[in-house]
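Breakdown of the fold
In case you want the letters, here they are:
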Amino acid sequence: LVWLLVLSLAWLGPVLGGEEEEDGVVVAEEEEKEEDDMLSDELEEEDGVLVLHEHNFAHALSEHRLLLVEFYAPWCGHCQRLAPAFAQAAATLRNESSPAQLGKVDATAQTALASEFGITSYPTLKLFRDGNRTHPLAYTGRMDAEGIVRWMRRRAGPSTTLLQDTAAATAFISTQDLVVVGFFKDLGSEAAQAFYEVAAEVVDVPFGVAEAAELFKEYGLSVDTICFFKKFDEGRTDFPVDPARGLDVTEFTQLLRVHSLELVMEFTSETSDQIFSAKIPHHMLLFLNKSSSAQLTLRDSFQVAAGAFRGKVLFVVVDVTGHGANVLPFFGLTPADAPTLRLVKMENNRKYRMDQDAFSDAAIRAFVQEVLDGKVKPHLLSAEPPKDWDTRPVKVLVGKTFEQVAFDETKNVFVKFYAPWCSHCQAMAAAWEELGERYKDHEDIVIAEMDATANELENVTINGFPTLHYFPAGPGRKVVEYKNARDVETFSKFLENGGALPEEPPAVREVPPPQGQGPPPT
């Protein structure tokens, strides 16, 4: 019957004034309509998580004051990994009798919902409060069960604890390694409201507030002050609120990120997320072997030096025989190189090497300051060039040979920057080799590649793999980033057309010469 109905609609559509459709499209639309007709507004669960769609979404919002919804795609690997953690978080919240509920939407099937809420990537999590459909809150917590539970707890309950006497404050301060207490003479002030705003977002730290005169006196305060109470480093740090400027939310949030970390962190699987999410622009790393008692003593001077740069440079100890062994290749190091020091500029991964043998706190401070002042050149990795690097159809470049080849004014040089482990690079390897064969006898065209994990360049930053750059012949040190199809024929069109395709004008920029060198001779 459905089949007959579809055929009837297909034939009669134009007669009845509707748009003419191809049979396959009509069938698909009718099947989708049939499926929609079967869905109701009843709320069903899968692993304790509400299964939401266009027909029951409004019902779910009316039933649950706090509804965290995951918009996912069935084929998305990140979504698949999140699923068990999401279900575990739902179970934990339910066992706590929390008002928070978790739901999920297959955004590839429920396209109307995906469009309504602007879903462009997976998974995307949004929190709906009190049935409000128009202004959901973006999820900002960790993508694991504990992170989801903490984030929802903070949203379900008060973001701060009111401390009314000394006993309550003492008990609260002892609950975790770091707690934050805002002392405000007026809890309705703008500064207090800014404090509440940050407390609602930062879910891993307990926040307390106090306005009782007894507590101001107990903690030696006379003005509105934010106090960080820590079971590490200096124990307590006070930040008086500027009465003229008030409390800036952005500055306070960054201050919290900085002081939630120890002055010197050890790089482990447990601390790596904290280290990289701190948004501190420079990291100073001490690589040592913890099994060596002589090397362990170096941490003392490292700790002393760190105090002068808090918030600007994060000091990190890396055990070359422990978790830190995994990052050694990124720095071109082996365990035998310990002890050694490196400073990393996080915005571009530029690395700076301290050459001094002495690891005194004064020497470390001087080195860090010189890097911050721009007085130290970055330490660039370079592999040794293979003996036949320039006789292959695809030339093999390394850091040491890149300049002379890429900026040869008589050649048009097309370079693939790759990572050996990158599956996308592996997929296009055959096409790149074929391209090299095709142009190996051209005097003015060079096809080349460089392992960007083993070689670094001062003025060319590679942010993803593979990256393809075209360096045209002539003066000016120009570079064109190739962003088109990765097949031999499109590569050839690009080369034959002088580094451009008709469909997309190239984005051309100039690359400055390395420090200490002027422009190439004309």
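In case you missed it, the structure is sitting above this.
Residues numbered from 1 in each chain as written. Predicted model: local features only at pLDDT ≥ 70, side-chain atom pairs only at ≥ 80, totals over all residues. Heavy atoms only, no water.

A few words on the sheet that holds strand S2 (residues 49–52). Read from one edge to the other, the open sheet built from six strands follows the order S1-S2-S4-S3-S5-S6, with strand pairing classed as mixed. Of all the strands in the sheet, the pair left with one neighbour each is strand S1 (44–46) and strand S6 (137–138). Sheet analysis places strand S3 (residues 66–72) next to strand S5 (residues 124–129), joined by six bridges and oriented antiparallel. Within S5, the position partnered with Leu 66 by the bridge is Arg 129. (Pairing = 2+ DSSP bridges. Helix = DSSP H or I, 4+ residues; strand = E, 2+ residues; numbered from the N terminus.)

Looking now at the packing of helix H8 (residues 190–201) against helix H10 (residues 249–259). Interhelical geometry of H8 versus H10 gives an angle of 50 degrees and a closest axis separation of 10 Å. Comparing the axis directions of H8 and H10 gives the class oblique. Viewed along their axes, H8 and H10 form a crossing whose handedness is right-handed. Contacts from Ala 194, Phe 195, Glu 197 and Val 198 of H8 reach H10 at Val 249, Phe 252, Thr 253 and Leu 256. A class-by-class count of the residues in the contact of H8 with H10 yields six nonpolar, one polar and one charged. (Axes fitted to C-alpha atoms, helices over the stretch in contact; angles between N-to-C directions. Parallel < 35°, antiparallel > 145°, perpendicular 65-115°, else oblique. Left-handed = near helix turned anticlockwise from the far one by under 90°. Contact = heavy atoms within 4.5 Å. Nonpolar A, V, L, I, M, F, W, Y, C, P; charged D, E, K, R; others polar.)

Let us look at unusual backbone geometry. Here the residue pair Ala 338 and Pro 339 is connected by a cis peptide bond, since its omega of 0 degrees sits within 30 degrees of zero. Secondary-structure assignment places Pro 339 in the loop between helix H14 (328–331) and strand S15 (340–345). The amide bond that connects Phe 465 to the next residue, Pro 466, takes the cis arrangement and shows omega of -10 degrees. Positionally, Pro 466 belongs in the loop between strand S19 (445–451) and strand S20 (467–471). Although it is not a glycine, Asp 233 adopts a positive phi angle of roughly 50 degrees. The class of Asp 233 is partly exposed, set by a relative accessible area of 34%. Positive phi values are uncommon outside glycine, yet Lys 279 reaches one of about 60 degrees. Counting through the fold element by element, Lys 279 comes out in the loop between helix H11 (272–277) and strand S13 (282–288). (Buried < 20%, exposed > 50% of the residue type's maximum accessible area, 1.4 Å probe, protein only.)

With that settled, consider helix H18 (residues 488–496). Looking at H18, one finds that the buried residues are Val 488, Thr 490, Phe 491, Ser 492, Phe 494 and Leu 495. Of the surrounding secondary structure, the elements contacted by the buried residues of H18 are strand S18 (412–418), helix H17 (423–439), S19, S20 and strand S21 (478–482). Capping of H18 at its N-terminal end is provided by Asp 487; its side-chain oxygen lies 3.2 Å from the backbone amide nitrogen of Glu 489. Gly 498 sits one or two positions beyond H18 and adopts a positive phi of about 75 degrees. (Polar contact = N/O pair within 3.5 Å; in protein donor to acceptor, adjacent residues only side chain to side chain.)

With that settled, consider the pairing of strand S14 (residues 313–319). Of all seven residues in S14, seven are buried; the element is thus mostly enclosed. Judged by which residues are buried, S14 turns out to be covered on both faces: Val 313, Phe 315, Val 317 and Asp 319 on one side and Leu 314, Val 316 and Val 318 on the other are all buried. Pairing geometry for strand S12 (residues 264–266) and S14, over three bridges, is parallel. Bridged to Val 264 within S14 is Phe 315. Where S13 lies against S14, seven bridges are found, and the strand directions are parallel.

Bringing the pattern of salt bridges into the picture now. According to the stated counting rule, one finds 25 salt bridges in the structure shown. Between Glu 251 and Arg 245 there is a salt bridge; the shortest N-O distance is 2.9 Å. A single salt-bridge network, built from bridges that share partners, covers Arg 142, Asp 144, Glu 146, Arg 150 and Asp 204. (Salt bridge = Lys/Arg side-chain N within 4 Å of Asp/Glu carboxyl O.)

So, about the sheet that holds S15. Pairing is mixed in the open sheet, where five strands are placed in the order S12-S14-S13-S15-S16. In this open sheet, the two strands that pair with only one neighbour each are S12 and strand S16 (350–353). Taking the axes of each pair of neighbouring strands and ignoring which way they run, one obtains an average angle of 25 degrees across the sheet. In the sheet, S15 pairs with S16 via four bridges, with the strands oriented antiparallel. Opposite Arg 342, over in S16, you have Arg 353 as the bridge partner.

Here the focus is the side chain of Asn 289. Locating Asn 289 in the fold gives a position in the loop between S13 and helix H12 (293–296). Asn 289 gets classed as buried once you look at its relative accessible area, which sits at 18%. Within the structure, Asn 289 has its side chain in polar contact with the side chain of Ser 291 (distance 2.5 Å). With residues near it in sequence (within four places) discarded, Asn 289 still touches Gln 295, Asp 319, Val 320, Thr 321 and Ala 338.

So, on to the environment of Arg 129. On the secondary structure map, Arg 129 appears in strand S5. Considering only alpha carbons, one finds Arg 129 and Leu 66, 63 residues apart in sequence, at a separation of 4.9 Å. With sequence-adjacent residues up to four places away left out, Arg 129 is seen in contact with Arg 65, Leu 66 and Arg 155. From its side chain, Arg 129 meets the backbone oxygen of Arg 155 in a polar contact 3.5 Å long.

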